[in-house]
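# Structural description and commentary
Next come the chains, spelled out residue by residue.
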Amino acid sequence: MHLDHTGLATTDLDSLLFCFEDLLEADVAHEELFDGMRIAFLDVGGDYLELIEPVDGEGAIAGYLDANGPGIHHLAFATDDIEAALERAREQGIELIDEEPRDGAWGHDVAFLHPKSTGRMLVEFIEH
């Protein structure tokens, strides 16, 4: 398992994208509209920054922004076996948001762990 990306919630994806593209000399690896969100992945040396902006003011990211403002939303860890990663988390008593993997951005399978169990940090498992 390794760090795959850091998710950043924003109300202005274009400005943040421009800032990090220039500042980090990073290329956009992927962009899409997914589940009411506009998403861009910036390649920063093989890891990614995932910039996430709600499209219509609804959904989990909009709620996060209302409660917390822009900033780090989650850390995502890549695994070759998301089912095994979820099972390890269950065995350790980690509360899961997703009991089973679901479709995520960029066509990946994802599952989230509850921040109550992970030091108040939203953690995502991702299988490419």
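Each chain has its residues counted from 1, following the order in which its sequence is written. Only residues with pLDDT of at least 70 are given local features in this predicted model, and only at 80 or more are side-chain atom pairs given and counted; all residues enter the totals for whole chains, interfaces and linings. As a rule here, side-chain values cover all heavy atoms of the structure and leave hydrogens and water aside.

### So, the overall build of the protein chain
As a reminder of what qualifies: Helix and strand assignments come from DSSP, with helices taken as H or I runs of at least 4 residues and strands as E runs of at least 2, each series counted from the N terminus. Radius of gyration: C-alpha atoms only; globule rule: 2.2 Å multiplied by the number of residues to the exponent 0.38. Every residue pair with non-hydrogen atoms within 4.5 Å of one another is taken to be in contact. In this description, accessible areas are obtained by the Shrake-Rupley approach with a 1.4 Å probe, and a residue is regarded as covered only by the protein chains that are shown. Under the counting rule used here, the positive set is Lys and Arg, the negative set is Asp and Glu, and His together with the chain ends is not counted. We put the charge of a Lys on NZ, of an Arg on CZ, of an Asp on CG and of a Glu on CD.
Along the protein chain, the regular secondary structure elements total 3 helices and 8 strands. Put simply, the protein chain runs from its N terminus to its C terminus through helices and strands in the order β-α-β-β-β-α-β-α-β-β-β. In terms of C-alpha radius of gyration, the protein chain reaches 14 Å, essentially the compact-globule figure of 14 Å for 128 residues. Referenced to the eigenvectors of the C-alpha coordinate spread, the extents of the protein chain come out at roughly 40 × 30 × 25 Å. Intrachain contacts of the protein chain at a sequence separation of at least 6 include 51% that bridge at least 24 residues. Looking at the protein chain as shown, the accessible area adds up to about 7,000 Å², and 49% of this sits on carbon and sulfur atoms. Within the protein chain, the 30 negative side-chain charges are centred at a point lying 10 Å from the centre of the 6 positive side-chain charges.

### Digging into the packing of aromatic side chains
Formally: Each pair of aromatic rings taken from Phe, Tyr and Trp, with Trp reduced to its six-membered ring, is defined by centres within 6.5 Å and is described as stacked if the planes are under 30 degrees apart, edge-to-face if over 60, and tilted in the remaining cases. Using a 1.4 Å probe on the protein chains alone, a residue whose accessible area is under 20% of its type maximum counts as buried, one over 50% counts as exposed, and one in between counts as partly exposed.
Scanning the entire structure with this criterion turns up 3 aromatic pairs. Ring plane angle 90° and centroid distance 6.2 Å describe the contact between Phe41 and Tyr48, whose orientation is recorded as edge-to-face. Taken as a pair, Phe41 and Tyr48 share a single burial class, namely buried. Measuring from centroid to centroid gives 5.4 Å for Tyr48 and Trp106, while their planes differ by 80°, and the two rings are edge-to-face. Highlighted residues: Tyr48 in strand E4 (residues 47–54) and Trp106 in the loop between strand E6 (102–103) and strand E7 (109–113), separated in sequence by 58 residues. Assessed through its relative accessible area of 27%, Trp106 is described here as partly exposed.

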